[in-house]
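Descriptive analysis of the structure
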Amino acid sequence: MRTVFTVAPIAFGLDKFFNLLADWPSYLAPFVDRLVPGTGQQAMYAVGVIEIVAGLLVAARPKYGAVVVAAWLAGIIVNLLLLGEFYDVALRDFGLLVGALALWRLASGRRPADRPRSAGS
């Protein structure tokens, strides 16, 4: 999980500069596009930098990086829902968000509480 949540954000972040996998500005909701200065492509450059940093953070500190990736995915989901299209991508990103939260839990070292044993065990 750590490898996937390191490589994927870095790869998608880099692609924001080249648009090989998708026309990334078309995924930006007009409402969000009006909020940020510059063009949609310039906004995608900033998005790319954030994604690359998030991936590097997962590599270095998965406990914290996983939370950043999960929050970032939540923002992407909200953007896609505001766009009113790409519901399939929003659903996929929700699955990734759940995976990022699972990585956070694993990286946090949290363990389920030991169940008390009965007297006969």
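For the structure itself, look to the data block above.
Read on for a plain summary of the structure. Numbers given for residues are sequential positions, taken from 1 along each chain in its written order. Local features in this predicted model are restricted to residues of pLDDT 70 or higher, and side-chain atom pairs are both shown and tallied only at a pLDDT of 80 or more, whereas totals for entire chains, interfaces and linings draw on every residue. Water and hydrogen atoms were dropped before computing side-chain values, which therefore reflect all heavy atoms in the structure.

What follows covers the overall build of the chain. Each helix is a run of DSSP H or I of at least 4 residues and each strand a run of E of at least 2, with the numbering of both proceeding from the N terminus. The helix and strand inventory of the chain stands at five helices and zero strands. Radius of gyration: over C-alpha atoms. The globule rule applied is 2.2 Å multiplied by the number of residues raised to the 0.38 power. A compact globule built from 121 residues should have a C-alpha radius of gyration of about 14 Å, whereas the chain, at 18 Å, is more than 25% larger. Taking the principal axes of the C-alpha coordinates as reference, the chain spans close to 70 × 30 × 25 Å. For the exposure calls, accessible area comes from a 1.4 Å probe over protein chains only, and a residue counts as buried if that area is under 20% of its type's maximum, exposed if over 50%, partly exposed in between. For the chain, the residues scored as buried account for 31% of the 121 residues in total. In short, Shrake-Rupley with a 1.4 Å probe defines the accessible areas, and a residue's cover is counted only from the protein chains shown. Carbon and sulfur atoms make up 67% of the accessible area of the chain, which totals about 7800 Å². Side-chain charges in the chain split into 11 positive and 8 negative, and the spacing between the mean points of these groups amounts to 20 Å. Charge convention: Lys and Arg are scored as positive, Asp and Glu as negative, and His as well as the terminal groups of each chain are ignored. By convention, charge coordinates are those of NZ in Lys, CZ in Arg, CG in Asp, or CD in Glu.

Moving on, we come to the environment of A60. Checked against the element boundaries, A60 lands in helix α3 (residues 40–60). By relative accessible area, A60 is classed as exposed at 55%. Put simply, A60 and A8 are 52 residues apart on the chain and 15 Å apart in space, counted from C-alpha to C-alpha.

A separate point is the pattern of salt bridges. Only one rule defines a salt bridge in this text: a Lys or Arg side-chain nitrogen within 4 Å of an Asp or Glu carboxyl oxygen. All chains considered together, the criterion is met by two salt bridges. Salt-bridge contacts for E51 lead to K16; the nearest nitrogen and oxygen are separated by 3.0 Å. With E51 in helix α3 and K16 in the loop between α1 (2–15) and α2 (30–35), this residue pair connects regions lying 35 residues apart in the sequence. Using a relative accessible area of 4% as the deciding quantity, one classes K16 as buried. Of the charged contacts, one joins R92 and D93 as a salt bridge, the two residues approaching to 2.8 Å between their closest N and O atoms.

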